[in-house]
Amino acid sequence: MAAFAVCYSLGNVISLFGMGFLVGFKKQFKMATAPVRLTAFIVYIVLLILTFVMAFALDIAVLCLIFALGQYCALAWYSASYIPF
């Protein structure tokens, strides 16, 4: 389970860098820290970091999976913040 969570998290990191190369890192960071999506972005990054910490430092597989699921929810929230209402 921890291996899946690490692979999933690495995929998320790669997608963040890929989007940074397409849009530009400065513009991506500016859009991510806009007041509308700042909370979602912070939750997403914190869960990403916690997944790696649980996988490598503490080696707790169940929490890795929970944090990976949280990453999915935070990414959905972050993505939905780009939809205009």
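A. Representation of the overall build of the protein chain in the model. Along its length, the protein chain carries 4 helices and 0 strands. When the helices and strands of the protein chain are placed in sequence order, the string is α-α-α-α. Summarising its shape, the C-alpha atoms of the protein chain cover approximately 40 × 25 × 15 Å along the three principal directions. When the 85 residues of the protein chain are sorted by exposure, 32% land in the buried category. For the protein chain, restricting intrachain contacts to residue pairs at least 6 apart in sequence, the fraction spanning at least 24 positions comes to 68%. In the form shown here, the protein chain has an accessible surface area of approximately 5,500 Å², with 81% of it arising from carbon and sulfur atoms.

B. Here's a closer look at the side chain of R37. One can find R37 in the loop between helix 2 (25-32) and helix 3 (38-58). The side chain of R37 sits in the buried core without any salt bridge; D59 is the nearest counter-charge, 34 Å away.

C. Highlighting helix 4 (residues 61-80). With 20 residues, helix 4 extends 29 Å from end C-alpha to end C-alpha; this agrees with the ideal 28 Å at 1.5 Å per step. Along helix 4, the residues that are buried comprise C64, F67, A68, G70, Q71, A74 and Y78. Relative to the axis of helix 4, the buried residues are bounded by an arc of 165° and lie together on one face. In this structure, helix 4 carries V62, L69 and Y72 as exposed residues pointing more than 90 degrees from its buried face. As for helix 4, its buried residues are in contact with helix 1 (2-23), helix 2 and helix 3.

D. Representation of unusual backbone geometry within the structure. Phi angles above zero are rare outside glycine, and D59 is one such case at about 55°. Counting through the fold element by element, D59 comes out in the loop between helix 3 and helix 4. Its relative accessible area of 60% is what places D59 among the exposed residues.

E. Layout of the packing of helix 1 against helix 2. Viewed as axis vectors pointing N to C, helix 1 and helix 2 meet at an angle of 115°, and their least axial separation amounts to 6 Å. Classified by the interaxial angle, the pair formed by helix 1 and helix 2 is roughly perpendicular. Contacts from L16, F17, M19, G20, F21 and V23 in helix 1 reach F25, K27, Q28 and M31 in helix 2. Of the residues assigned to the contact of helix 1 with helix 2, the class counts are 7 nonpolar, 2 polar and 1 charged.

What counts and how
- Residues numbered from 1 in each chain as written.
- Predicted model: local features only at pLDDT ≥ 70, side-chain atom pairs only at ≥ 80, totals over all residues.
- Heavy atoms only, no water.
- Helix = DSSP H or I, 4+ residues; strand = E, 2+ residues; numbered from the N terminus.
- Buried < 20%, exposed > 50% of the residue type's maximum accessible area, 1.4 Å probe, protein only.
- Contact = heavy atoms within 4.5 Å.
- Areas by Shrake-Rupley, 256 points an atom, 1.4 Å probe, with all protein chains shown as cover.
- Lys, Arg positive; Asp, Glu negative; His and termini not counted.
- Salt bridge = Lys/Arg side-chain N within 4 Å of Asp/Glu carboxyl O.
- Expected span 1.5 Å × (residues − 1).
- Arc of directions from axis to C-beta.
- Axes fitted to C-alpha atoms, helices over the stretch in contact; angles between N-to-C directions.
- Parallel < 35°, antiparallel > 145°, perpendicular 65-115°, else oblique.
- Nonpolar A, V, L, I, M, F, W, Y, C, P; charged D, E, K, R; others polar.

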